[in-house]
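Residue strings, one per chain:
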Amino acid sequence: MSNLSIPLRIGKGRLDRTDNTRKSIDSAIALLMATTCGDSPADPEYGFIFNNLKFEIFNESEGVVYDSAPEESGDSDGLYDKKLTGSSSNLNTFAAELREKIEIYEKRLTDVKVSMTYARQERKIYVTVKGKIISTGKGYQYSTVINVWK
């Protein structure tokens, strides 16, 4: 079974495909994480909500993103209460948000678990996604780092 290659490329008059399922899933998750919610007119829900907060400040003592304009944000989703560090099994974490998005948009994975660890001194967030590739039954792991803005 072949998968669309990401980034999308046209070759021989059609979209390029790849037989490397793991690489294709890696690319799909990277694209999902790099996309700000609302950027895709076809699906405004596509993307990782964490990117919508790129101009906010971290409250490092609480381990959350600081709401710099609480009267304007109307934070009905509790976005500013979500913890930077945690796993997808914990409520009120960005890891749980990411797991939900992966479960919606990456149907080639099952048993998805996400962990995010904020390294304060390095100003980085380490992200690990684990699961199982449905077509092969093999374990899957994707790791990346989010550089934190100052």
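Attention in this report is confined to the structure presented alongside it. (Residues numbered from 1 in each chain as written. Predicted model: local features only at pLDDT ≥ 70, side-chain atom pairs only at ≥ 80, totals over all residues. Heavy atoms only, no water.)

The helix and strand tally for the chain stands at three helices and 10 strands. Scanning the chain from its N terminus toward the C terminus, one meets helices and strands in the order β-β-β-β-α-β-β-α-β-α-β-β-β. Per-residue burial over the chain gives 39% buried out of 150 residues. When contacts within the chain are restricted to residue pairs at least 6 apart in sequence, long-range pairs at least 24 apart make up 37% of them. Summed over all atoms, the accessible surface of the chain reaches about 9100 Å², with 50% contributed by carbon and sulfur. (Helix = DSSP H or I, 4+ residues; strand = E, 2+ residues; numbered from the N terminus. Buried < 20%, exposed > 50% of the residue type's maximum accessible area, 1.4 Å probe, protein only. Contact = heavy atoms within 4.5 Å. Areas by Shrake-Rupley, 256 points an atom, 1.4 Å probe, with all protein chains shown as cover.)

Across nine bridges, the pairing between strand β8 (residues 109-119) and strand β9 (residues 124-133) is antiparallel. Within the sheet, the bridge partner assigned to Ser-115 lies in β9 and is Thr-128. Once β8 ends, the chain turns through four residues before running back antiparallel as β9, passing Arg-123 with a positive phi of about 55°. As paired strands, β9 and strand β10 (residues 139-147) are joined by nine bridges and run antiparallel to one another. Looking at the pairing, Lys-124 lines up with Asn-147 of β10. Remark: five residues form the turn of the hairpin made by β9 and β10, two consecutive strands paired antiparallel; Gly-137 in that turn has positive phi of roughly 75°. (Pairing = 2+ DSSP bridges.)

Next up on the list: the nonpolar core. With 26 residues, the main nonpolar core has Ile-29, Ile-102, Val-114, Met-116, Ile-125, Val-127 and Val-129 as its most contacted residues. Listed by contribution, the elements that provide at least two residues to this core are α1 (21-34), α3 (94-105), β8, β9 and β10. Here the element with the most residues in this core is β8; it accounts for five residues. Once you skip the residues sitting within four places of it in the chain, Val-114 turns out to touch Gly-86, Ser-87, Ser-88, Ala-95, Leu-98, Arg-99, Ile-102, Val-127, Thr-128 and Val-129. (Core = buried A, V, L, I, M, F, W, Y, C linked by side-chain atoms within 4.5 Å.)

Another aspect to go through is the pairing of β8. A regular strand places its side chains so that they alternate between the two faces of the sheet. When strand β7 (residues 86-87) meets β8, the two strands line up antiparallel, connected through two bridges. The residue bridging Ser-87 from the neighbouring strand is Ser-115, located in β8.

Just distances and angles here, no functional claims.
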